[in-house]
Amino acid sequence: MKGLMLISRVCDIICTSTSLRRGISEVLASVADALSLDGVCLFMGGKTYPSPETLDSAPFREAVERGAEGYWVFPVFHGREVLGHLVVKGGKITSQDEILLKVVAKQLDHFSANLRSKRELKMGSRLLLELYTAGKEMGSILEMEEMGDKLAHFARRFSGASCVRATIFDPKGHRSYEAGEEKGVVQFYGEGYKRWVVPLESPKGSWGVLELFLPKGKRLSRYQRRVVYILAELAGTFLENVVLYGRLRGLVDERERQIRYLSILYQVGNAYRMTVELRKRAFLALRALTDPMKGLGLPQAFLFLYRSSSGHLEGLIGISWLGVSPWGEGDWGVDDEYFKRVGSSPAFRDLSNLKLPDALCKELEKGEAVQLSVAEYGLPICERGFSHIALPLLREETLVGALLVGREGGFDSEEIRFLTMFSHQLALALESGRLHETLKKTSEDLEDAQERLFHYEKLATLGELAARVAHDLKNPLVAIGGFARRLHNKMAEDCPDKIYTRTILKEVEEAEKILSDVLGYSKVPHLLKRPTDINALLDDVLFLHAEELRDRGIIVIKKLDRKLPPVSIDAAQMRQVFMNLVSNAIQAIEKKGSITVSTSLVEDRGKRKAKVEVSDTGGGIHEGDLPNIFNPFFTTKSTGTGLGLSIVKRIVELHGGVVEVVNNPPVGATFLILLPLEGEGAPKKEDTKG
Ligand code: ADP
């Protein structure tokens, strides 16, 4: 009866108790009570459960190890394994009690196994739930970074490891993500820590590894290990998705980028068709590069073009914006108002004073984009901290310009490819713009020439008429002059009427000069060219004017290059040229002044030429008169014919030379004549008919 009650009580405790320690204490107390024992003690799973609680357990342990009088030891079996010992002391232990105590020992094993299973089950379901949450969270991740972080975080949470490192294999380089307060542990895991490595795989491949760092002696439970494996398997599949998604997204991005590039090329190409003006086309190109809405959105773009006059790539225009784009939202417009507005925005750069360094041009001549080191080329327009590249604009193989673009972070190979294509298109657009401008200028020149021809035809007719009149007037004038001189000579010196004959003679002389000018202009000159010493010719002309120059107090400064070789010219015609220039210089000087006559040997476009300069300090030419001074009959003098300079021009040009004026008001004017030496561009024939 006593036995049955004890067993029923023990079963009750085992079924209802949720705490192992409390349950065992109650079972032991019931056993001690039912069998009237002095004490009972249980050693199980490395722990000691004494009853009553105050009991000294040492003799009981000794009894297990060596056996002792008055102590009974009952092993607690789990299958064949001995889990612990139940030790009782005192009282009379009958054989029935012995059986009872063996049953209790068995029940205690069941009790501990049950509680362990229950606890593991609870933990297992909690981990499963967390695994489910982890799976859900990780399943929706598409970024590698985030996946790495989450994986390390969950692996650490499930394992309780000191530190977890998730390393993901990437073709560009493996990337590691760590979780855990003891991140540094990774470096010294050999000392005091052990490492547990789990691969991250999927059927399609191996995507990385998970490393768990645990202090030596700490073990993962069966459940924890299982969960970490499941997590690693899930992560393998998710990583495969992330990698595939990344590749797919890369392809889509690449495609979108190419479509954008094509669209920019197409739109700017269309826009180029709206204008042929070089500057406007340049504006359109800069918009395509810098407009964040319609173009590439680069913050800096500058355009340089080759100038044959300087032989350099000189700056044209550029855009540099950091805050607000200067382009606004409008469509690709080419109206003047629009460009004026952009041209006055702070982003606009007029680069007319800038020259691209020769070293950079040399690089560009190779026909490839050049990564710029601003420090190396020292370009002031380039924003510090930006990366810049220069792209050549080529006509056939010749460098005709350059594009300079810059932004933070540099340019990848795809962008450089696009910019190269863009420059080719721009080079064509600018070239056709340039051709158009040349064509326009040629047609304007042609119209001008036509007008001049018409004008000359009129002048020729006028000249012919003037020549006939002059010719007809010449004989009567000679007669008037002759008779007047006779009369004048016959008159006594003190005759009061002599003043009239003197006036007639002076006026006749003036009229004869005018007639000779008109006849000289209307006559088509025949050149009789001989090698002539130009310096001697000038000496002659100045000698003829010597008296007048002295009377007027005009100083003559001669700077004649005596080594000047003889020049093949018609000396008589050229004397006329120098006479006219010196006369004009004398007439220009109202009071005192100076005339400088100089000669030199110069090189002009690879050919040697004789240079003659006649400068005066006569105040210069009125700006408004400048375009007309070489026109026949243009004069500002009351007694002038306006033929002097046109005769000069005609004779010089017949000699294959040029005449130019350098006006320097209020000081004076310089007339400059360049004459080719024989064999260096001079008309060859001895006798040249104009
Ligand atoms: P003319 O001497 O009969 O006026 P030209 O053809 O020689 O005719 O000169 C045309 C005009 O050019 C002159 O009337 C004068 O206004 C201007 N000119 C020519 N040479 C000079 C000079 N050395 N200084 C200032 N003006 C000049």
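The sections below set out a description of the structure shown in this document.

### Here's the deal with the pairing of strand β14 (residues 398–407)
Link 1 in the chain: Within β14, 8 of the 10 residues are buried, leaving the element largely enclosed by the surrounding structure.
Link 2 in the chain: Bridge analysis of strand β9 (residues 300–307) against β14 gives 6 bridges, and the strand direction is antiparallel. By the bridge assignment, L303 is partnered in β14 with L403.
Link 3 in the chain: In textbook terms, the turn of a hairpin is the stretch between consecutive antiparallel strands, and for strand β13 (residues 387–395) and β14 this stretch comprises 2 residues, one of which, E396, has a positive phi near 50°.

### Some points on the site of the ligand
Link 1 in the chain: The immediate surroundings of the ligand are formed by 18 residues, with N584, T635, T636, K637 and L645 found nearest.
Link 2 in the chain: One of the side-chain nitrogen or oxygen atoms of T636 is found 2.4 Å away from an oxygen atom of the ligand.
Link 3 in the chain: One of the backbone nitrogen or oxygen atoms of T641 is found 3.1 Å away from an oxygen atom of the ligand.
Link 4 in the chain: Alone, the ligand offers 530 Å² of accessible surface; in the complex the protein occludes 92% of this.
Link 5 in the chain: Every element with two or more residues in the shell around the ligand is listed here: α15 (571–588) and α16 (644–654).
Link 6 in the chain: Per-element tally for the shell around the ligand: the top contributor is α15, with 3 residues.
Link 7 in the chain: Across the shell around the ligand, the residue classes break down as 8 nonpolar, 8 polar and 2 charged.

### Re the sheet that holds strand β22 (residues 668–676)
Note on sheets: strands pair through backbone hydrogen bonds, and any given pair is parallel or antiparallel.
Link 1 in the chain: In spatial order, the strands read β17-β19-β20-β22-β21; together these 5 strands make up an open sheet with mixed pairing. For this open sheet the edge positions go to β17 (554–559) and β21 (658–664), each flanked by a neighbour on one side alone. Shown here is a sheet whose adjacent strand axes are inclined to one another by a mean of 15°, direction ignored.
Link 2 in the chain: Here β17 runs beside strand β19 (residues 593–604); their pairing, made up of 6 bridges, is parallel. Among the inter-strand pairings, K559 is bridged to a residue of β19, identified as S598.

### Some remarks on the pattern of salt bridges
Link 1 in the chain: Tallied over the full model, the rule gives 30 salt bridges.
Link 2 in the chain: A salt bridge links E137 to K150, with the nearest nitrogen and oxygen atoms 3.3 Å apart. Here K150 lies in helix α5 (residues 144–159) and E137 lies in helix α4 (residues 95–139), a separation of 13 residues in the sequence.
Link 3 in the chain: Given a relative accessible area of 24%, K150 falls into the partly exposed group.
Link 4 in the chain: In this structure, K558 engages D539 in a salt bridge whose closest nitrogen and oxygen atoms are separated by 2.8 Å.

### Some words on the packing of α5 against helix α6 (residues 222–272)
Link 1 in the chain: Where α5 contacts α6, the axes come no closer than 10 Å and their chain directions differ by 175°. Relative to α6, the element α5 is oriented roughly antiparallel. Across the interface between the two elements, M144, M147, L151, F154, A155, F158 and S159 from α5 touch Q224, V227, V228, L231, A235, F238, L239, V242 and V243 from α6.
Link 2 in the chain: The class makeup of the residues in the contact of α5 with α6 is 14 nonpolar, 2 polar and no charged.

### Quick word on the side chain of S25
Link 1 in the chain: Relative to the helices and strands, S25 resides in helix α2 (residues 20–34).
Link 2 in the chain: Within the structure, S25 has its side chain in polar contact with the side chain of E53 (distance 3.4 Å).
Link 3 in the chain: The contacts of S25, once residues within four sequence positions are left out, are S51 and E53.

### Some remarks on the sheet that holds strand β12 (residues 370–372)
Link 1 in the chain: Judged by pairing direction, the sheet is antiparallel, and its 6 strands sit side by side in the order β11-β10-β9-β14-β13-β12 without closing on themselves. Lying at the two open borders of the sheet, with one neighbouring strand each, are β11 (348–350) and β12. Shown here is a sheet whose adjacent strand axes are inclined to one another by a mean of 25°, direction ignored.
Link 2 in the chain: Against the sheet, helix α7 (residues 278–290) contacts β9, β10 (312–320), β11 and β14, and its axis sits at roughly 50° relative to β10.

### Considerations on the nonpolar core
Link 1 in the chain: Within the largest apolar cluster, 46 residues are counted, with the highest numbers of intra-cluster contacts made by V405, L419 and F422.
Link 2 in the chain: Breaking this core down by element, the ones donating at least two residues are α6, α7, β9, β10, α8 (336–343), β13, β14 and α11 (413–490).
Link 3 in the chain: V405 has contacts with L289, L298, Q300, A301, S387, H388, I389, L391, F411 and L419, leaving out every residue within four places of it along the chain.
Link 4 in the chain: Among the nonpolar cores identified, the runner-up in size contains 45 residues, and I534, L542, I554 and L560 belong to it.

### Description of the packing of aromatic side chains
Link 1 in the chain: The final tally for this structure, using the stated rule, is 9 aromatic pairs.
Link 2 in the chain: Relative to F339, the ring of F283 has its centre 4.7 Å away and its plane inclined at 35°; by these criteria the two rings are tilted. Note that F283 is positioned in helix α7 and F339 in helix α8, a separation of 56 residues in sequence. Per residue, the accessibility class of F283 equals that of F339, and both read buried.
Link 3 in the chain: Where F283 meets F348, the ring centres are 5.7 Å apart and the plane angle is 10°; that geometry is what we call stacked.

### Considerations on a positive patch on the surface
Link 1 in the chain: Together, R21, K47, R119 and K122 give the surface a local cluster of positive charge.
Link 2 in the chain: Along the chain, K122 falls in helix α4.

### Describing α2
Link 1 in the chain: Taking 1.5 Å of rise per residue, 15 residues should cover 21 Å, and α2 covers 21 Å from first to last C-alpha, within 8% of that figure.
Link 2 in the chain: All of the buried residues in α2 are G23, I24, S25, V27, L28, S30, V31 and A32.
Link 3 in the chain: Buried-residue contacts for α2 involve α1 (2–16), β1 (39–44), β2 (47–51), β4 (81–89) and α4.
Link 4 in the chain: Two to three positions downstream of the cap, the backbone nitrogen of R22 sits 3.2 Å from a side-chain oxygen, assigning the N-cap of α2 to S19.
Link 5 in the chain: Phi turns positive one or two residues past the end of α2, at S36, with a value near 45°.

What counts and how
- Residues numbered from 1 in each chain as written.
- Predicted model: local features only at pLDDT ≥ 70, side-chain atom pairs only at ≥ 80, totals over all residues.
- Heavy atoms only, no water.
- Buried < 20%, exposed > 50% of the residue type's maximum accessible area, 1.4 Å probe, protein only.
- Helix = DSSP H or I, 4+ residues; strand = E, 2+ residues; numbered from the N terminus.
- Pairing = 2+ DSSP bridges.
- Near = heavy atom within 4 Å.
- Polar contact = N/O pair within 3.5 Å; in protein donor to acceptor, adjacent residues only side chain to side chain.
- Areas by Shrake-Rupley, 256 points an atom, 1.4 Å probe, with all protein chains shown as cover.
- Nonpolar A, V, L, I, M, F, W, Y, C, P; charged D, E, K, R; others polar.
- Axes fitted to C-alpha atoms, helices over the stretch in contact; angles between N-to-C directions.
- Salt bridge = Lys/Arg side-chain N within 4 Å of Asp/Glu carboxyl O.
- Parallel < 35°, antiparallel > 145°, perpendicular 65-115°, else oblique.
- Contact = heavy atoms within 4.5 Å.
- Core = buried A, V, L, I, M, F, W, Y, C linked by side-chain atoms within 4.5 Å.
- Phe/Tyr/Trp six-rings, centres within 6.5 Å; stacked < 30°, edge-to-face > 60°.
- Patch = residues over 30% accessible without salt bridge, like charges linked within 9 Å, V, L, I, M, F, W, Y side chains within 5 Å.
- Lys, Arg positive; Asp, Glu negative; His and termini not counted.
- Charge placed at Lys NZ, Arg CZ, Asp CG, Glu CD.
- Expected span 1.5 Å × (residues − 1).

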